[in-house]
Amino acid sequence: TQLLEQSPQFLSIQEGENLTVYCNSSSVFSSLQWYRQEPGEGPVLLVTVVTGGEVKKLKRLTFQFGDARKDSSLHITAAQPGDTGLYLCAGEASGTYKYIFGTGTRLKVLA
Amino acid sequence: DVKVTQSSRYLVKRTGEKVFLECVQDMDHENMFWYRQDPGLGLRLIYFSYDVKMKEKGDIPEGYSVSREKKERFSLILESASTNQTSMYLCASSPFEGESATQYFGPGTRLTVL
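Residues numbered from 1 in each chain as written. Chains lettered and ligands numbered in written order. Predicted model: local features only at pLDDT ≥ 70, side-chain atom pairs only at ≥ 80, totals over all residues. Heavy atoms only, no water.

A. Layout of the environment of Ser-7 of chain B. Residue and element names in this part refer to chain B. Topologically, Ser-7 is positioned in the loop between strand E1 (4-6) and strand E2 (10-13). Sequence separation between Ser-7 and Gly-108 is 101 residues, and the spatial gap between their C-alpha atoms is 9.1 Å. Beyond its immediate chain neighbours, meaning those up to four positions away, Ser-7 contacts Leu-21 and Glu-22. (Helix = DSSP H or I, 4+ residues; strand = E, 2+ residues; numbered from the N terminus. Contact = heavy atoms within 4.5 Å.)

B. Main features of the pairing of strand E6 (residues 55-58) of chain A. Residue and element names in this part refer to chain A. In this structure, E6 lies alongside strand E7 (residues 61-65), joined through 4 bridges in antiparallel fashion. Residue pairing across strands places Val-55 opposite Gln-64, the latter belonging to E7. Count of turn residues in the E6/E7 antiparallel hairpin: 2 residues, of which Lys-59 carries a positive phi of about 55°. (Pairing = 2+ DSSP bridges.)

C. View of the state of the cysteines. Residues and elements named next belong to chain A. Following the criterion strictly, the structure yields 2 disulfides over all chains and no others. Disulfide partner of Cys-23: Cys-89, at an S-S distance of 2.1 Å. Negative torsions about the S-S bond denote left-handed disulfides, and the value of about 80° found for Cys-23 with Cys-89 makes this one right-handed. Here Cys-89 lies in strand E9 (residues 85-92) and Cys-23 lies in strand E3 (residues 19-24), a separation of 66 residues in the sequence. (Disulfide = S-S within 2.5 Å.)

D. Just the side chain of Asn-31 of chain B, in detail. Among the structural elements, Asn-31 of chain B can be located in strand E4 (residues 31-38). Take Asn-31 of chain B: its relative accessible area is 3%, and that puts it in the buried class. Residue contacts for Asn-31 of chain B: discarding those within four places in its chain leaves Tyr-97 of chain A together with Ser-49, Tyr-50, Arg-68, Ala-92, Ser-93, Ser-94, Pro-95 and Phe-96 of chain B. (Buried < 20%, exposed > 50% of the residue type's maximum accessible area, 1.4 Å probe, protein only.)

E. The arrangement of the layout of surface pockets in detail. Considering only enclosed or pocket space, the largest pocket measures out at about 510 Å³ in volume. Around the largest pocket, the lining is made up of 27 residues, and of these Gln-37, Leu-86 and Arg-106 of chain A together with Gln-37 and Arg-110 of chain B lie nearest the centre. Elements supplying a minimum of two residues to the lining of the largest pocket: E9 and strand E11 (105-110) of chain A together with E4 and strand E9 (87-94) of chain B. The element best represented in the lining of the largest pocket is E9 of chain B, accounting for 3 residues. (1 Å grid on protein atoms, 1.4 Å probe; cavity = no way out; pocket = protein on both sides within 12 Å on 5 of 7 lines; lining within 4 Å. Points joined across faces, edges and corners; volume = space filled by probe spheres on them.)

F. Here's a closer look at the sheet that holds E3 of chain A. Residue and element names in this part refer to chain A. Within the open sheet, the 5 strands sit side by side as E1-E3-E8-E7-E6. Their pairing is antiparallel. Edge positions in the sheet fall to strand E1 (5-7) and E6, since each of these pairs with one other strand and no more. On average, each strand axis in the sheet is inclined to that of its neighbour by 15°, with strand direction left out of account. In the sheet, E3 pairs with strand E8 (residues 71-76) via 6 bridges, with the strands oriented antiparallel. When the sheet's bridge partners are listed, Asn-24 is paired in E8 with Asp-71. (Axes fitted to C-alpha atoms, helices over the stretch in contact; angles between N-to-C directions.)

G. Summary view of the sheet that holds strand E8 (residues 73-78) of chain B. All names here are of chain B. Taking strand neighbours across the sheet as the criterion, the 4 strands line up as E1-E3-E8-E7 in an open arrangement whose pairing is antiparallel. In the strand order of this sheet, the two ends are held by E1 and strand E7 (64-70), each with one partner. With strand direction ignored, the average angle separating the axes of adjacent strands in the sheet is 20°. Looking at chain direction, strand E3 (residues 19-25) and E8 are connected through 6 bridges and run antiparallel. Residue Glu-22 lies in a different strand from E8, and its bridge partner there is Ser-75.

H. Local environment of the nonpolar core. Of all hydrophobic cores here, the largest spans 22 residues; its most connected members are Leu-19, Leu-32, Trp-34, Phe-63, Leu-74, Ile-76 and Leu-107 of chain A. If you list the elements that add at least two residues to this core, you get E3, strand E4 (31-37), strand E5 (44-49), E7, E8, E9 and E11 of chain A. Residues in contact with Leu-19 of chain A, not counting those within four places in the same chain, are Leu-11, Ile-13, Leu-74, His-75, Ile-76, Ala-79 and Leu-107 of chain A. Core analysis: the next-biggest nonpolar cluster, separate from the first, contains 20 residues, Ile-60, Tyr-64, Leu-76 and Leu-78 of chain B among them. (Core = buried A, V, L, I, M, F, W, Y, C linked by side-chain atoms within 4.5 Å.)

I. Summary view of unusual backbone geometry. For the bond from Ser-7 of chain A to Pro-8 of chain A, the omega torsion is -5°, close enough to zero to count as cis. With respect to the element layout, Pro-8 of chain A can be found in the loop between E1 and strand E2 (10-14). At Ala-78 of chain A, a residue that is not glycine, the phi angle is positive and equals roughly 50°. Its location among the elements puts Ala-78 of chain A in the loop between E8 and E9. For Ala-78 of chain A, a relative accessible area of 31% gives the class partly exposed. Phi is positive for Asp-28 of chain B, close to 60°, though the residue is something other than glycine. Relative accessible area serves as the criterion here: at 52%, Asp-28 of chain B is assigned to the exposed category.

Pasting the structure below:
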């Protein structure tokens, strides 16, 4: 069974700090997605990375896909309270429609 | 805007009851998914469907069945609910774009089995 481990599991930081969330697996994925989920809502897609080594930026969020397509990271610069939420990575196994979700990182940004 | 709706936000059932969770999407998506979400475990795939009347087991199908009679509707059935099925259930849909298609999620149904 493919697994995606995220670290840290919980993160509480002050507004303006930087942070990095990691998503690791021993399996290779054809693509990897990052979602954010707010209380009472379903996850919402932030980004999809497809190519090994790919880096994508979304305002203050930087996403990187590992060269071997087994891991990914999400870096947030100057975090704001609006970044608070549950961050989930999801890897797509090659040739399937199935997504393996990570264990999640719950981020709280204090004003 | 893509909309995925789930029949209930909260549901309380008793052990042994048959439970139906309904999901409807309005974007003509081919793929639909049912997940359960538990703290520290992320989302785990129960079943998915890539076409009407087609279904495939996910990682944790035991105790669940599904039905997809129409393209827009995907139902999750708990034949005989048990307390270990207390969880948040999330439905999602995605277009058939090959790899890396976006999944659109509903708001979830929090099911409690007493």
